[in-house]
Number of protein chains: 4
Amino acid sequence: MKKIGVLTSGGDCSGMNATIRSAVRTALRMNLTVTGFRKGFAGLIKGDTLPLDSRAVSGIMHRGGTFLQSARCPEFRTPEGQRTALDNLRRLGIEGLVVIGGDGSLNGALALHRHGFPVVGIPASIDNDIAFTDMAIGVDTALNNIIYAVDCIKDTASSHARAFVIEVMGRNSGYLASVSGIATGAECVIVPETECDLVQLCIQLRHRYQEGRDNAIIIVAEGAGEARTIADTIKDAIGFETRVTVLGHYQRGGAPSVFDRLLASRFGKRAVELLLEGMSGVMVGLSCHNLIATPIEEVVKTEKRPHEDMLQLAEMLGI
Amino acid sequence: MKKIGVLTSGGDCSGMNATIRSAVRTALRMNLTVTGFRKGFAGLIKGDTLPLDSRAVSGIMHRGGTFLQSARCPEFRTPEGQRTALDNLRRLGIEGLVVIGGDGSLNGALALHRHGFPVVGIPASIDNDIAFTDMAIGVDTALNNIIYAVDCIKDTASSHARAFVIEVMGRNSGYLASVSGIATGAECVIVPETECDLVQLCIQLRHRYQEGRDNAIIIVAEGAGEARTIADTIKDAIGFETRVTVLGHYQRGGAPSVFDRLLASRFGKRAVELLLEGMSGVMVGLSCHNLIATPIEEVVKTEKRPHEDMLQLAEMLGI
Amino acid sequence: MKKIGVLTSGGDCSGMNATIRSAVRTALRMNLTVTGFRKGFAGLIKGDTLPLDSRAVSGIMHRGGTFLQSARCPEFRTPEGQRTALDNLRRLGIEGLVVIGGDGSLNGALALHRHGFPVVGIPASIDNDIAFTDMAIGVDTALNNIIYAVDCIKDTASSHARAFVIEVMGRNSGYLASVSGIATGAECVIVPETECDLVQLCIQLRHRYQEGRDNAIIIVAEGAGEARTIADTIKDAIGFETRVTVLGHYQRGGAPSVFDRLLASRFGKRAVELLLEGMSGVMVGLSCHNLIATPIEEVVKTEKRPHEDMLQLAEMLGI
Amino acid sequence: MKKIGVLTSGGDCSGMNATIRSAVRTALRMNLTVTGFRKGFAGLIKGDTLPLDSRAVSGIMHRGGTFLQSARCPEFRTPEGQRTALDNLRRLGIEGLVVIGGDGSLNGALALHRHGFPVVGIPASIDNDIAFTDMAIGVDTALNNIIYAVDCIKDTASSHARAFVIEVMGRNSGYLASVSGIATGAECVIVPETECDLVQLCIQLRHRYQEGRDNAIIIVAEGAGEARTIADTIKDAIGFETRVTVLGHYQRGGAPSVFDRLLASRFGKRAVELLLEGMSGVMVGLSCHNLIATPIEEVVKTEKRPHEDMLQLAEMLGI
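Residues numbered from 1 in each chain as written. Chains lettered and ligands numbered in written order. Predicted model: local features only at pLDDT ≥ 70, side-chain atom pairs only at ≥ 80, totals over all residues.

A word on the interface of chain B and chain D. Across the contact, 28 residues belong to chain B and 28 residues belong to chain D. For the side of chain B that touches chain D, the secondary-structure elements that each account for two or more residues are α1 (16-29), α5 (139-160), α6 (175-184), α9 (258-276) and α11 (308-317) of chain B. Counting residues per element, the side of chain B that touches chain D draws most heavily on α9 of chain B, at 7 residues. Residue composition of the side of chain B that touches chain D, grouped by class: 14 nonpolar, 7 polar and 7 charged. (Contact = placed C-beta atoms within 7 Å. Helix = DSSP H or I, 4+ residues; strand = E, 2+ residues; numbered from the N terminus. Nonpolar A, V, L, I, M, F, W, Y, C, P; charged D, E, K, R; others polar.)

Set out below in structure tokens:
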């Protein structure tokens, strides 16, 4: 193997740049040449490339987002799109590809693998909804962003005797909500994995309210219900003044945390090693402290188990 | 004068605690006793007090919000409410009051002054919409919170070739929007003080887009239009992918900036000095580097001039 | 068991407050009463206590340090000191104790256990030098503090064509140095676990310098040599302008990271459960995702293995 | 005027990049071409340039340091050095120069002006020791960096009953020390402008100590004495455990604050306007809210007055 490619795809997250950097540095050490593709699979189809040498990845470790950019690419789901991509890869002399991204990106990587092209995936998604890895890149930074904002909002909540309903990201996963709920001492966490009994919640909040605890933080995963509706229900039931905040895209960005930089460094290095070892169609993952490689086919059809211990802990420490 | 009172009222902001601390420390130095009222004017009516000695204000400088809490108090607008408040003040032996808050709070302070009770106001409001002071307490911290979030969102915007419409606070004032727009290099700022030509904006964004600049940040003051509508207009006109983020109450809290701690320290000290000098019905304000005192009557009927130079600068540095 | 005690001892770290909070909340849920001892084992000897109810631990999760305070206590190493402590514990009706701290604190806990008093330890030390737990409380926050400072210093290094030698904490452990080295893309990491070949380092830096890379970050663990000497050696060998920064106590404090808040919440809860299960003389630890309990006797005589994989990764990604 | 140059010189600070950006954007709007010189006056002598178009200054606003780099350049103090620089400027067709930096940089700018070359200076120095401007670029960010670190250290100080002596930057100016002392509630501030009575300080600290306030923060400006000596004196006099922390270069970097971004934007724009208006040998400055231009000759021979009000306020709010 003489030359490999790297791309980032799907929703961006903090740590993608550190992952690219590690893959490139590792490859250079092994005397490989590295080509970056811009805007994910779209760059593969258009042949939109940039050379990645040591300088190109210098000074990017601590920056959020991805300097290779990312984009959705419906065209890549078609046989024609994939053929064009493969033609480009071969024309450019690229013999292996590192794909950094979430669920959809892994499906894209799988398609290339099935066409016989060597590809290794790296899980990067703030939702932490990818199976066969304890953590995906970007999760820890997103969590730290969330608690910074919630700590700020608690200042306001406690100054005003208010309940705040705060919506965090996570699509169908309650991971961000439950962990940030524990980490901020939220009174309640509402996640898609568990039925939320709003009546019971209101009873508890009222009880708490009557005891003189006149503020509350309720964290809602975006897939678990409309924050506005929950806030109105609480207000109507208790007469508690409520406010809604949707944290939004702020959660994705910013300088990556130590954990994400370290994970990115390890994943990027391992992905290149796997390509050199002749592996393809696998995703790098973290299992305890070890790096594992799992067939992407396995990954994309497995649902990540909900984090029951987190939910229990949230409940124990909450109201 | 032997004993004074302190209260915070209206929307909380970062720096209120530092203001209380400075007022208390100054009063103690001058051998005064200090009583705090909880939840603003409501505490005045209910006689909900706590003694403020040196210990009570230790370790609070760097905390957001207000440990004296704040609340709206419609009852205080009635003659009965005001009479009860005055009775409580006299019963407690309090001879002067420091009121920390925004427009509404100053009106409350004015009412007490008209009843002959000595009161000095301190402007605290993230909106920076109070006349006769260059800056109110909380503005600088709110601005720094905003740019931290916008910097994060720019990571995402540039990774994805997207336009972000970001709504910031400010009620009827575009100050937060225009300054944070300059400070983050936003492509456009939409404020209530100026008519926004959305058609012209779309033309500029399209021009920029065609030149290859594929991401944009548009900052909208909350009083200047619906962020969602603006985003949809841009999307329809250019085909640019757009996202909306409403920064929300996160803007209010967090550890105060140096500027706010310094301003709080100066305002708190000056307010107590003014009471001791026999002044009443005035608000402390910053004029250049000097502290001034303006009759609250003057303050509440004067509209703060829009920050034309900021808007011009935003335009010059933007698109 | 009706009543338990909690104390923090040794060097403070971020997450201690969250640990106390979790232990107290868990105990209250199980209908236990909780007494806090001030200043570690000194408070045990002096009977310096405060009652810990739900309110006492409200609003402390996100604060650095420990509100129970910590102190060294040579007296506790004497039989008399220990007897006084045990007398106080019994007199107060306390039937079990949670000790939060590092190596020395665990030795103290062991002494009480050997006297037949039920005690459970929780590892808290930024050095991450305690065996039988993957991570101690405070490590992740310290690391994030470090990289924030190093990112700042890199701005200066790259603006000035300078090499910076940055000393981080860690006593005899190179963990903080090696992980922060990876996470900041440092050119070199010097740790006590490995012999550092300064001549070789200078050769590499000169090579790099001649290639036009005119700045460098060298991270030194405090136990691995004098930063000043290293800087002078580099300067003399290459003629490179060098600067030294000792990060100091700034590393210990600040709001804890998500990881530390979560770990603190889990450790605090588990420690109380272990006491109720009749365990004593054990330390809670993290092994992968699971909580384990190891006899403290075992813990204090075991040296934590150096993090070879981290050192390798640092080398791979560095110069 | 068709073409101007820009350089940064002296100690780097946060906001330099934002200043370059503003100067470049303003110049481009006025149809000027802009050339950047690398490493300050050294780049002028070597002709080490890079073209500065709109793209070159995109995405740099929020980054610390200076991407044009800075360096000391003794050669520029010689007539030969200056002649070479002037030859290069003329050869490159550059008709005016913006110099961003501190005292030394302004002296360099003055030399060019005296040779008849149009030059405008912009004050950038964290020390805030440049006359004829209320604030220099970088001061506000440095202050916010300092208080972040001091807040962290206070966690440790209050957990351990310790006095911390913290040395901050400032060369011969006590501005950073006195303002950060007020903003962090330090018990004492030691600055070069005022004689410090260590005996008196020790008496006050002991008094405080006996009252049960068992921790203290003393902030020392780097030009005001050896932190180690001060700490030892305190320890010997009171028996108080003391620690020393030198904040170091961490203070210089990091993302600029709102204030610095705004000031940078205004200064950069004004400097270009002044060149176009035919002015030379002047420095842009902030006087209240207005921008002023002062002959550099005046600036470099005037000592900035010490900030007496700050020192008084620090004393009032301190011990």
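Having seen the structure, we can now continue with the description.
So, on to the sheet that holds strand β5 (residues 119-123) of chain D. All names here are of chain D. The mixed open sheet is built from 7 strands, whose spatial order is β3-β2-β1-β4-β5-β10-β11. This sheet does not close on itself; its edge strands, each paired only once, are β3 (49-51) and β11 (290-295). Mean inter-strand twist for the sheet, computed between neighbouring axes without regard to direction, equals 25 degrees. Direction of pairing for strand β10 (residues 282-287) relative to β11: antiparallel, over a ladder of 6 bridges. Opposite Met-283, over in β11, you have Thr-294 as the bridge partner. (Pairing = 2+ DSSP bridges. Axes fitted to C-alpha atoms, helices over the stretch in contact; angles between N-to-C directions.)

Residues and elements named next belong to chain A. Segmenting chain A into domains produces domain 1 (3-138 + 256-301) and domain 2 (141-252). Each side of the interface is counted separately: domain 1 has 12 residues, and domain 2 has 12 residues. Broken down by class, the residue content of the side of domain 1 that touches domain 2 amounts to 3 nonpolar, 5 polar and 4 charged. (Domains from an automatic or database assignment.)

To continue, consider the interface of chain A and chain B. Listed per partner, the contact involves 28 residues of chain A and 28 residues of chain B. When contributions to the side of chain A that touches chain B are tallied by element, the ones reaching two or more residues are α5 (139-160) and β9 (242-246) of chain A. Here the side of chain A that touches chain B takes 9 residues from α5 of chain A, the largest share from any one element. Considering only residue class, the side of chain A that touches chain B consists of 8 nonpolar, 15 polar and 5 charged.

Once chain A is rotated about the relating axis by 180 degrees and shifted along it by 0.0 Å, it coincides with chain B to within an RMSD of 0.0 Å. The superposition of one copy onto the other is thereby described by a two-fold rotation axis. Same-surface contact between copies: 100% of interface residues of chain A are shared with the interface of chain B. (Least-squares fit on C-alpha atoms with pLDDT ≥ 70 in both.)

Residue and element names in this part refer to chain A. Helix α8 (residues 227-238) packs onto helix α7 (residues 198-210) with a crossing angle of 50 degrees between their chain directions and a minimal axis gap of 10 Å. Here α7 is positioned oblique relative to α8, judged by the angle of their axes. As α7 runs across α8, the sense of the crossing is right-handed. Contacts between α7 and α8 pair Leu-198, Cys-202, Leu-205, Arg-206 and Tyr-209 from the former with Ile-230, Thr-233, Ile-234, Ala-237 and Ile-238 from the latter. Taken together, the residues of the contact of α7 with α8 sort by class into 8 nonpolar, 1 polar and 1 charged. (Parallel < 35°, antiparallel > 145°, perpendicular 65-115°, else oblique. Left-handed = near helix turned anticlockwise from the far one by under 90°.)

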